[in-house]
Amino acid sequence: MSHTVGVRQTQKLRTRQALLDAALGLLEHQSLSSLGLREVTRVAGVTPTAFYRHFEDTAALGVALVEEALGSLHGMIGAVLAETGDSEQRLGRSVELILRHVGEQPAHFRFIAREQHGGVGPVREAIAAQLRRFAEEVAAALAEEPQSRGWSDEDLLMLGGLYVDHMVITASALLDAGPEGEREVAGVARRRLRLVTLGRLHWLDDTGGSDSP
């Protein structure tokens, strides 16, 4: 009995992944809002009925694609932030992480770039939630650094969000540039990170800080 259950569970996971892969391939050429359920099931090789055993609708499938694209990055970025070295060094290594991840999953990141401001509300919200979580994780890591002494939680979260926005912009730039433009994009990304890091050192000066006009 347990063997039969295991086989069924494996098949269920395979069918779910087939649906995700089919949708991702189709989304290379269209937006999620125009994606048809029957189109996805035809490419996946399953019946429309089987689709509903895994997803309520195409919006739910899109949310699953967001998790597939961004969910695994949390552990990787967390590991980078936990490394030794100053914030500039660690955030510089995060650029390498983004380069590698975009190179390995370009279709996922094209989907995120297109749907971040797209027409499917639950997917927009899922992307925004993932990016907020990233910002909170970065802010928590920054809070442990000596340079953050005197910073408010609000300002640390703002800085974390700035770094995350930079990562999103870098990923989009990599998709537009292609492999031949990767070196240039990475160089610009590192220089921008350095500029933000240098500005951070003076945020609490008399002319800076959250209480200044």
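Not measured: the values here are computed from a predicted model.

Draft legend 1. Highlighting the overall build of the protein chain. Looking only at helices and strands, the protein chain features 9 helices and 0 strands. Beginning at the N terminus, the succession of helices and strands in the protein chain can be written as α-α-α-α-α-α-α-α-α. Along the three orthogonal principal directions, the C-alpha set of the protein chain runs to about 65 × 40 × 30 Å. The 213 residues of the protein chain split such that 43% are buried. Taking as baseline every contact in the protein chain between residues at least 6 positions apart, the subset at least 24 positions apart corresponds to 66%. Accessible surface computed for the protein chain: about 12,000 Å², of which carbon and sulfur atoms make up 53%.

Draft legend 2. Structural view of helix α4 (residues 58-81). Taking 1.5 Å as the rise per residue, α4 with 24 residues should run 34 Å; its terminal C-alpha atoms sit 35 Å apart, in good agreement. Along α4, the helix axis deviates most sharply at E68, where the bend reaches about 30°. Between a side-chain oxygen at the N-terminus of α4 and the backbone nitrogen of A59 the separation is 3.2 Å; the capping residue is D57.

Draft legend 3. View of the packing of α4 against helix α6 (residues 106-115). One way to put it is that α4 packs onto α6 with a least axis distance of 10 Å and a crossing angle of 115°. Our pair here, α4 against α6, has a crossing hand that is left-handed. Along the contact surface, α4 presents G62, L65, V66, E68, A69, L70 and L73, while α6 presents H108, F109, F111 and I112.

Draft legend 4. The nonpolar core, seen in detail. With 58 residues, the main nonpolar core has V40, L61, L65, V66, L70 and F111 as its most contacted residues. By residue number, the principal contributor to this core is α4, which donates 11 residues. Beyond its immediate stretch of four places on either side in the chain, V66 contacts G71, F111, I112, V123, A126, I127 and Q130.

Draft legend 5. Main features of the confidence of the model for the protein chain. Across the protein chain, the average pLDDT comes to 88, with 91% of residues at 70 or higher. Within the protein chain, the lowest mean pLDDT, 80, falls on helix α5 (residues 87-104), and the highest, 96, falls on helix α2 (residues 37-44).

Draft legend 6. Representation of the packing of aromatic side chains within the structure. Counted by the stated rule, this structure contains 3 aromatic pairs. On the numbers, 5.6 Å between centres and 85° between planes, the contact of F51 with Y52 is edge-to-face. You can call F51 buried: its relative accessible area is 0%. For the ring pair F51 and F55, a centre distance of 5.7 Å and an interplane angle of 50° mean the geometry is tilted. The class for F55 is buried, based on a relative accessible area of 4%.

Draft legend 7. Seen up close, the environment of G160. If you trace the backbone, G160 turns up in helix α8 (residues 153-177). Among the residues examined, G160 registers a relative accessible area of 0% and is labelled buried. For the pair G160 and V185, spaced 25 residues apart in the sequence, the C-alpha separation amounts to 21 Å. What G160 contacts, discounting residues up to four positions off in sequence, is A135, V138, A139 and L142.

What counts as what
Residues numbered from 1 in each chain as written. Predicted model: local features only at pLDDT ≥ 70, side-chain atom pairs only at ≥ 80, totals over all residues. Heavy atoms only, no water. Helix = DSSP H or I, 4+ residues; strand = E, 2+ residues; numbered from the N terminus. Buried < 20%, exposed > 50% of the residue type's maximum accessible area, 1.4 Å probe, protein only. Contact = heavy atoms within 4.5 Å. Areas by Shrake-Rupley, 256 points an atom, 1.4 Å probe, with all protein chains shown as cover. Expected span 1.5 Å × (residues − 1). Bend = angle between axes of the 7 residues up to and from the residue. Polar contact = N/O pair within 3.5 Å; in protein donor to acceptor, adjacent residues only side chain to side chain. Axes fitted to C-alpha atoms, helices over the stretch in contact; angles between N-to-C directions. Left-handed = near helix turned anticlockwise from the far one by under 90°. Core = buried A, V, L, I, M, F, W, Y, C linked by side-chain atoms within 4.5 Å. pLDDT = per-residue confidence, 0-100. Phe/Tyr/Trp six-rings, centres within 6.5 Å; stacked < 30°, edge-to-face > 60°.

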